[in-house]
Amino acid sequence: MVILGAGPAGLVLGNVLVDNGIDCVILERADRAHVQTRARAGFLAANTVRVLERHGLADGLRRHGHEHSVCEFRTEDGRFRLDYSGLGTGEPHTVYPQQHLVTDLLAHYLDAGGRIRFGTEAVAVHDADTPRPSVLAREPDGRPVTWQARYVAGCDGRHGAARRSLPPGAAHRHHRDHGVTWLGLLAEAPPSLDAVGYALHDRGFAGHMARTSETTRYYLQCGPGTTADPSPGESPATGPAAWPDERIWDELALRMRAADYGPLRRGRILQRTVVDLESDVLEPLRHGALFLVGDAASLISPSAAKGANLAVLEAEILAHALIEDVKNADSAALDGYSARCLAYIWRAQEFSHWMIRLLHAAPGSDDAALFENRLRRARMDALRTSRTRQDWFAENYVGV
């Protein structure tokens, strides 16, 4: 099998296949150092931890990760906290930065004899509707190379070769732009709360998510068209992304109502990224011998921390289906891969959409916006006061 991409999806898939005696190779366009330092998600769902444990891939997160189970909401009506591990299905998150998880998965894969080609960019998948698909790739020195296999797994994101190679009409794309932009900030600063912080403010949303004892992820809602950290020769950053660190901290403090609830622990801002909140789902997730996994299958907003967790879940589902096909000549699970994964994807999308409407005010001051914002306030009131709504929130917040 050829696997495109060495993120959580590709590495979980590769590890399970290699541990079950199925030959595969991973093609990754970045170098190893970049793969192991990409700062992405950090909240692992309870089911994700179970998947990793089932396959002997959880040693690092058990040693260095820590459980987290509290959300704090700050609004014009005050603040309240939910210990969601005591609600719904009674499960916490495990906080473990994605770059650490990827480092663990890569080490296990290589120790087990797995093959990976860094600096090798997949260009196109050919003949996916035949028994011998192939992948055209570009080696680090620019030379073309072709890989052939029985199956190809596209774990290379929404802009990768797997999606690009789908012929017209092979899949239907569901896309929604939620009209919300976040500035994502990674700060060299200890967490300021012992909870995930969601602050709703007239100036926009602000979020606080711990990563390690020395670093914290913050989010700051900003206007459309904001850009961040341009490369040499590109247009300068605009909007809040261009602000000096001190101004960003002042804005975070204002929106998180630090004057009322305690100061933020400040530090150097290490990374700035702009995130346009979008939803993007392909149906089906299979075209012949080509399977889509992770962000190649669906994109989900970061408002509910589902992306990496869906990727790991889909990778295990596909791995088990491939094992059944290769070892037992039973293709039933492969035939059901798309429908099974899409059921999880759409449930996660629904909750993510609910979170977006909870955290962000409708723009404008016309009657429609005022109506939507009163509904938003009613949602928050229900979450604050209704045990039934709290149980529903907890089950969906942690679940995938």
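Preceding this section is the structure that the text describes.
Let me sum up the structure you'll find in this document. (Residues numbered from 1 in each chain as written. Predicted model: local features only at pLDDT ≥ 70, side-chain atom pairs only at ≥ 80, totals over all residues. Heavy atoms only, no water.)

Some words on the packing of helix α1 (residues 8–19) against helix α9 (residues 307–328)
And step 1. Where α1 meets α9, the axes come as close as 8 Å, and the angle between the chain directions of the two elements is 30°. In this view, α1 runs roughly parallel relative to α9, as classed from their interaxial angle. By crossing handedness, the relation of α1 to α9 is classed as right-handed. Along its contact with α1, which presents Pro-8, Ala-9, Val-12, Leu-13, Val-16 and Leu-17, the element α9 presents Ala-311, Val-312, Ala-315, Leu-318, Ala-319, Leu-322 and Ile-323.
And step 2. For the contact of α1 with α9, the residue count by class is 13 nonpolar, no polar and no charged. (Axes fitted to C-alpha atoms, helices over the stretch in contact; angles between N-to-C directions. Helix = DSSP H or I, 4+ residues; strand = E, 2+ residues; numbered from the N terminus. Parallel < 35°, antiparallel > 145°, perpendicular 65-115°, else oblique. Left-handed = near helix turned anticlockwise from the far one by under 90°. Contact = heavy atoms within 4.5 Å. Nonpolar A, V, L, I, M, F, W, Y, C, P; charged D, E, K, R; others polar.)

Here we look at the sheet that holds strand β16 (residues 216–222)
And step 1. If you walk across this open sheet you meet the eight strands as β6-β5-β14-β15-β16-β13-β17-β20, and the pairing is mixed. The open sheet has two edge strands, β6 (78–83) and β20 (298–299), and neither has a second partner.
And step 2. The sheet contact formed by strand β17 (residues 268–283) and β20 spans two bridges and is antiparallel. In the sheet register, Asp-280 faces β20, and the bridge partner there is Leu-299. (Pairing = 2+ DSSP bridges.)

Some remarks on the pattern of salt bridges
And step 1. Evaluated as defined, the whole model comprises 27 salt bridges.
And step 2. Measuring nitrogen to oxygen at the nearest pair gives 2.9 Å for the salt bridge that ties Arg-81 to Asp-194. Linking Arg-81 in strand β6 with Asp-194 in the loop between β13 (172–188) and β14 (196–199), this pair joins segments that are 113 residues apart in sequence.
And step 3. Relative accessible area serves as the criterion here: at 40%, Arg-81 is assigned to the partly exposed category.
And step 4. Relative accessible area serves as the criterion here: at 54%, Asp-194 is assigned to the exposed category.
And step 5. Arg-266 serves as the salt-bridge partner of Asp-250, at 3.0 Å between the closest nitrogen and oxygen. Pair noted here: Asp-250 is in helix α7 (residues 245–255) and Arg-266 is in the loop between α8 (258–261) and β17, with a separation of 16 residues, a long-range link.
And step 6. A single salt-bridge network, built from bridges that share partners, covers Glu-72, Arg-74, Arg-79, Arg-81 and Asp-194. (Salt bridge = Lys/Arg side-chain N within 4 Å of Asp/Glu carboxyl O. Buried < 20%, exposed > 50% of the residue type's maximum accessible area, 1.4 Å probe, protein only.)

Some thoughts on the environment of Pro-240
And step 1. In this fold, Pro-240 is placed in the loop between β16 and α7.
And step 2. Note on Pro-240: relative accessible area 10%, which makes it buried.
And step 3. It is 27 Å that separates the C-alpha atoms of Pro-240 and His-175, two residues lying 65 residues apart in sequence.
And step 4. Those residues within four positions of Pro-240 in sequence are excluded, and the remaining contacts are Leu-183, Leu-220, Cys-222, Thr-226, Ile-248 and Arg-272.

Focus on the side chain of Ser-279
And step 1. Tracing the backbone through its elements, the reader meets Ser-279 in strand β17.
And step 2. Residue Ser-279 is classed as buried on the basis of its relative accessible area of 10%.
And step 3. Separated by 2.8 Å, the side chains of Ser-279 and His-178 make a polar contact.
And step 4. In this structure the side chain of Ser-279 is engaged in a polar contact, spanning 2.9 Å, whose partner is the side chain of Gln-349.
And step 5. Once you skip the residues sitting within four places of it in the chain, Ser-279 turns out to touch His-174, His-175, Arg-176, His-178, Leu-299 and Gln-349. (Polar contact = N/O pair within 3.5 Å; in protein donor to acceptor, adjacent residues only side chain to side chain.)

Structural measurements only, silent on function.
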